[in-house]
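Coordinates in review
What follows is each chain in one-letter form.
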Amino acid sequence: MALRMWASSTANALRLSACASKSPAFSLSRAFSTVLDDLKYASSHEWVKHDGPVATIGITDHAQDHLGELVFVELPEAGKEVKQGTGFGAVESVKATSDVNSPISGEVVEINTKLAESPGLINTSPYEDGWMIKVKPSNPSELANLMGSKEYIKFCEEEDAAH
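Below you will find a few notes about this structure. On a predicted model such as this, the values are computed, not experimentally measured, just so you know.

In space, the six strands of this open sheet follow the order 4-5-6-12-11-8, with antiparallel pairing throughout. Pairing within the sheet leaves two strands with one partner each, and these edge strands are strand 4 (40–41) and strand 8 (81–82). Pairing geometry for strand 8 and strand 11 (residues 106–111), over two bridges, is antiparallel. What sits directly across from E81, in strand 11, is E107.

All right, on to unusual backbone geometry then. Both trends apply: most residues other than glycine have a negative phi, and most peptide bonds are in trans. One non-glycine residue, H45, lies in positive phi territory at about 75°. On the secondary structure map, H45 appears in the loop between strand 4 and strand 5 (46–51).

The next point concerns the layout of surface pockets. Taken as a whole, the largest pocket holds about 240 Å³ of empty space. For the lining of the largest pocket, the secondary-structure elements that each account for two or more residues are strand 5 and strand 6 (54–59). Here the lining of the largest pocket takes three residues from strand 5, the largest share from any one element.

What counts and what doesn't
Residues numbered from 1 in each chain as written. Predicted model: local features only at pLDDT ≥ 70, side-chain atom pairs only at ≥ 80, totals over all residues. Heavy atoms only, no water. Pairing = 2+ DSSP bridges. Helix = DSSP H or I, 4+ residues; strand = E, 2+ residues; numbered from the N terminus. 1 Å grid on protein atoms, 1.4 Å probe; cavity = no way out; pocket = protein on both sides within 12 Å on 5 of 7 lines; lining within 4 Å. Points joined across faces, edges and corners; volume = space filled by probe spheres on them.

Set out below in structure tokens:
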């Protein structure tokens, strides 16, 4: 715990941004939440990674940190259409239940079935094992409406400061 607190305060003081050659590039915000450089972010705290014909979607490390331990995840069925900015599912934590919005529009082509048995994967690995849905985007230009990593870090800092 002391090491995490030291790392958090050091990252905040330095506004650390690191890039490792064998792992994805990441930045550390003042709350020690991981923000990956190769993703896009919605103001409702979902992330999207567009890779070829499919986009993977989940909730951010910042969001899961604020929600606390997740105990249930509700996801749509494959084949369902999702629309940018509207809800496609929900997460329930020991603190609250929250809707999850889609950062882009498209057709759900896959859901992370592991989350039914292990919703905590979102807490432990929000950007890898804890992804929620994969979507075939109907309008890839919507990605331009989302934030990059630096914009998202600033957004989270301002949002946290306001609370």
